[in-house]
Amino acid sequence: MCALLAALLAGCSSANGSDAGDGRLGAKASPSSATQPTGYGAVFLGVDECSSFGTTSFTEVPCTSERAAARVIARYDGDVSSGPVCPATTDFVLHISAQGTSGTGRDSAVPKGYACMRNLEPPHPGDPGGGGGPRTIAGDCVYGSGSGQVRETACDGSGQRKPQYKVVKAVVKRASCPASTALYVQLGGPQPVGCARPV
């Protein structure tokens, strides 16, 4: 059976264009765990399919199930570090290992990939100012975590750390940032520079 490695990427990126973040020029994944696919849908965790939350794993469930907790908003094959970035308001990313399956009625193998997930109900840490999600986007707040690194935190101050800067604009080049910009945050995507001001 195929195994799913579920990594909740709750950090934020100030960095490299990856859709995973550790608040510096790189990426970080939280501990992962394995689970078995349940057989819903033609593709394991395809776009618009849902997963449940567990204490150690995620399983694919019908979106109408009372166990459904998050929906796949984008799905890509390959590694998150070299693949397309997840949509801006992704709440977390599930990493899917490449494994063969047995039996019939389903694809014989699930390719290595990742699913960009959005919670079915609030909170949505991937929303601007939400304090989480795998990407830092315009509207998010950050604090300095040392050695030129920043990490995302909730703009309303409800996180473990108070916000020091708010990303007010995403642009292609630093020169396009407003004059009030005090910090440049690397965001990734088509507008990779975040223009941040003190809060």
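One can find the structure itself at the top, above this paragraph.
Here's a quick rundown of the structure. Everything numeric in this text was worked out from a predicted model, so none of it was measured.

What counts and how
- All chains use their own residue numbering, which begins from 1 and follows the written sequence.
- Two thresholds apply to this predicted model, a pLDDT of at least 70 for residue-level local features and 80 or more for giving and counting side-chain atom pairs, whereas whole-chain, interface and lining totals are computed over all residues.
- The basis for every side-chain value is the complete set of heavy atoms in the structure, and neither hydrogens nor water enter the calculation.
- Runs of H or I in DSSP of at least four residues are treated as helices and runs of E of at least two as strands, each being numbered from the N terminus.
- Note on exposure labels: buried denotes an accessible area under 20% of the residue type's maximum, exposed denotes more than 50%, and partly exposed covers the range between, all computed with a 1.4 Å probe on protein chains only.
- What sets the accessible areas is the Shrake-Rupley method with a 1.4 Å probe; for residues, cover comes only from the shown protein chains.
- A pair of Phe, Tyr and Trp rings is counted when the ring centres sit within 6.5 Å of each other, with Trp represented by its six-membered ring. The angle between the planes then sorts it: under 30 degrees is stacked, over 60 is edge-to-face, the rest tilted.
- Two strands are said to pair when DSSP picks up at least two bridges between them.
- Interaxial angle, 0 to 180 degrees, is taken between N-to-C directions of lines fitted to C-alpha atoms, where a helix line uses only the stretch in contact.

### Details of the overall build of the protein chain
Phase 1: What the protein chain contains, in helices and strands, is 0 helices and 13 strands.
Phase 2: Starting at the N terminus and ending at the C terminus, the protein chain contains elements arranged as β-β-β-β-β-β-β-β-β-β-β-β-β.
Phase 3: Out of the 199 residues in the protein chain, the part that is buried amounts to 44%.
Phase 4: Per element, the accessible surface of the protein chain, about 9500 Å² overall, is 51% carbon and sulfur.

### Observations concerning the packing of aromatic side chains
Phase 1: Under the criterion given, the structure shown has 4 aromatic pairs.
Phase 2: Ring geometry for F53 and F58: centres 5.5 Å apart, planes at 85°, overall edge-to-face.
Phase 3: Residue F58 is classed as buried on the basis of its relative accessible area, which comes to 9%.
Phase 4: Relative to Y114, the ring of Y76 has its centre 5.4 Å away and its plane inclined at 45°; by these criteria the two rings are tilted. Placement of Y76 in strand 4 (residues 68-77) and of Y114 in strand 8 (residues 113-119) is noted, with a sequence separation of 38 residues between them.
Phase 5: We classify Y76 as partly exposed; its relative accessible area is 23%.
Phase 6: In this structure an aromatic cluster arises from ring pairing among F53, F58 and F92.

### Looking at unusual backbone geometry
Working note: non-glycine residues mostly have negative phi, and peptide bonds are mostly trans.
Phase 1: Going from P122 to P123, the amide bond is cis rather than trans, its omega being 10°.
Phase 2: Looking at where P123 falls in the secondary structure, it is placed in the loop between strand 8 and strand 9 (141-146).
Phase 3: Phi angles above zero are rare outside glycine, and L45 is one such case at about 50°.
Phase 4: Structurally, L45 can be placed in the loop between strand 1 (4-5) and strand 2 (50-52).
Phase 5: We classify L45 as buried; its relative accessible area is 1%.
Phase 6: In this structure, D48 takes a positive phi of about 75° despite not being glycine.
Phase 7: Mapped onto the elements, D48 comes out in the loop between strand 1 and strand 2.

### Some thoughts on the sheet that holds strand 12 (residues 183-186)
Phase 1: Strand order in this open sheet of 5 strands is 10-9-11-13-12, and the pairing throughout is antiparallel. What marks the edges here is a single partner per strand, and that holds for strand 10 (149-153) and strand 12. Averaged over all adjacent pairs, the angle separating strand axes in this sheet is 45°, with direction ignored.
Phase 2: Pairing between strand 9 and strand 10: 5 bridges, direction antiparallel. By the bridge assignment, C141 is partnered in strand 10 with T153.

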